[in-house]
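Topology and contacts: notes
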Amino acid sequence: MSELAIRVEDVHKRYRLGTIGSGLIADEVKAIYARLTGRSDPRLTVDQEKDLQRQGMDFWSLRGVSFDVKKGEILGVIGHNGAGKSTLLKLLSRITLPTKGTIRMTGKVSSLLEVGTGFHPELTGKENIYLNGSIMGMRRAEITARLDEIIEFSGIEHHIDTPIKRYSSGMKVRLGFAVAAHMEPDILILDEVLAVGDSAFQKKCLGKMQEVSSKDGRTVIFVSHNLSAVKTLCARAVLLDHGQVTYTGDTSDTIEYYLKANNAALSNVRTFGDDLDREEFKLEEISFKSVGGTVDELLDEYHTIEIHLKIHMKRNGNRSRVNFAMLDDHGVVLFVFSSARGDVHMHDGLNHLVCTLPEGFMNIGTYFLSMYLLQDEKTLLHHE
């Protein structure tokens, strides 16, 4: 344990479903009496009771979670919403206790789990620095010695004497991260706190986390849905799924495993057969692959990516062109590109078009491709 900052062994966390704490002592006594005598909870409706009987009264947010974190290591924790990530961090932050299992931690712990955690809305930014630092166990003299550095890092010098209740979400997360990072904890726990800050501040925070880990030897637990940030910052990652650790290891391998599991229903190749056999054209295949790879492999953002289109033009091929639109998983169009831009001339017969995206052009994530076949620059023949 001397080289370990955190050891999590067979940790379970159970929550009880249904109404808890109705507010009236009489109702609570009735509920307890009903439970002891095997009767239905009088606070529940018939539908609620049926749902709980079907699902069970207990919900296990974590089931048998185990992992170790070395001193000075930055560990990433990833997984879908509801996987148990925030519950795990609350256990590590000692906000709540595990139902079963043990958590051993060495050193002082500082956590930033939500925007504005530990801030009082009526106090100014400067006053909240002292309040937050005191909560973390710092003495007033220690906070004063780091005060100017914290304010400068947060970038909200002009608002530091303004009550927190008038801060935007971005300003709160700036100040919250600045306080947490400069209080010199042995273990720093961060839960999706960079999602609110702008890109410049996110880059600043990532640099600070790398500095406190490599230079000061502090341990960082970093939870984020920003897989690119996790990959940049963390050498190792843990994947949670429905409260269980399903993969742990090198960050790149963990992210690849996560994306493959999430995108099992998606494919990098689509063949059309006779489904799109029209009078003017026949669309045969659209596929993606890394240069030197195959369509069965997960695309790597650090590799050059090729988009292949095979289309048979039956007539007017020289008057046709193909436009592509790349969309993210929210349906937002990221960029548009065209065969005409690359001075590619289509012809009657089989056309095999290849579009190359340079390495590092796209971040980690899920993307969708839309294809538009046009004729004479204005007539849409097909949209896929």
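The following refers to the structure shown. (Residues numbered from 1 in each chain as written. Predicted model: local features only at pLDDT ≥ 70, side-chain atom pairs only at ≥ 80, totals over all residues. Heavy atoms only, no water.)

1. Topic: the sheet that holds strand E16 (residues 367-375)
Using the following cut-off: Strand pairing is assigned whenever DSSP detects at least two bridges linking the two strands. A run of DSSP states H or I qualifies as a helix once it reaches four residues; a run of E qualifies as a strand once it reaches two. Both are numbered from the N-terminal end. Axis definition: a line fit to C-alpha positions, over the contact stretch in the case of helices; interaxial angles, taken between N-to-C directions, run 0 to 180 degrees.
On the basis of which strands lie adjacent, the open sheet formed by four strands has the order E14-E13-E16-E17 and antiparallel pairing. Strands with a single pairing partner mark the edges of an open sheet, and in this sheet they are strand E14 (333-338) and strand E17 (379-383). The average angle at which neighbouring strand axes cross in this sheet is 25°, direction not considered. With four bridges connecting them, E16 and E17 associate as antiparallel partners. Within E17, the position partnered with Leu373 by the bridge is His382.

2. Concerning unusual backbone geometry
As a rule of thumb, non-glycine residues mostly have phi less than zero, and peptide bonds are mostly trans rather than cis. At His242, a residue that is not glycine, the phi angle is positive and equals roughly 50°. Mapped onto the elements of the fold, His242 is located in the loop between strand E8 (236-241) and strand E9 (244-250). Even without glycine at this site, Asn316 takes up a positive phi of about 55°.

3. So, the nonpolar core
As a reminder, the rule being used: Side-chain atoms within 4.5 Å are what join buried Ala, Val, Leu, Ile, Met, Phe, Trp, Tyr and Cys residues into a set we call a nonpolar core. Each residue's exposure class comes from its accessible area (1.4 Å probe, protein chains only) as a fraction of the maximum for that residue type: buried when under 20%, exposed when over 50%, partly exposed otherwise.
With 44 residues, the main nonpolar core has Ile129, Leu175, Phe177 and Phe222 as its most contacted residues. Residue contributions to this core peak at seven residues, all from helix H6 (residues 169-182). Residues Ile6, Leu62, Leu92 and Leu113 belong to the second largest nonpolar core, which totals 24 residues.

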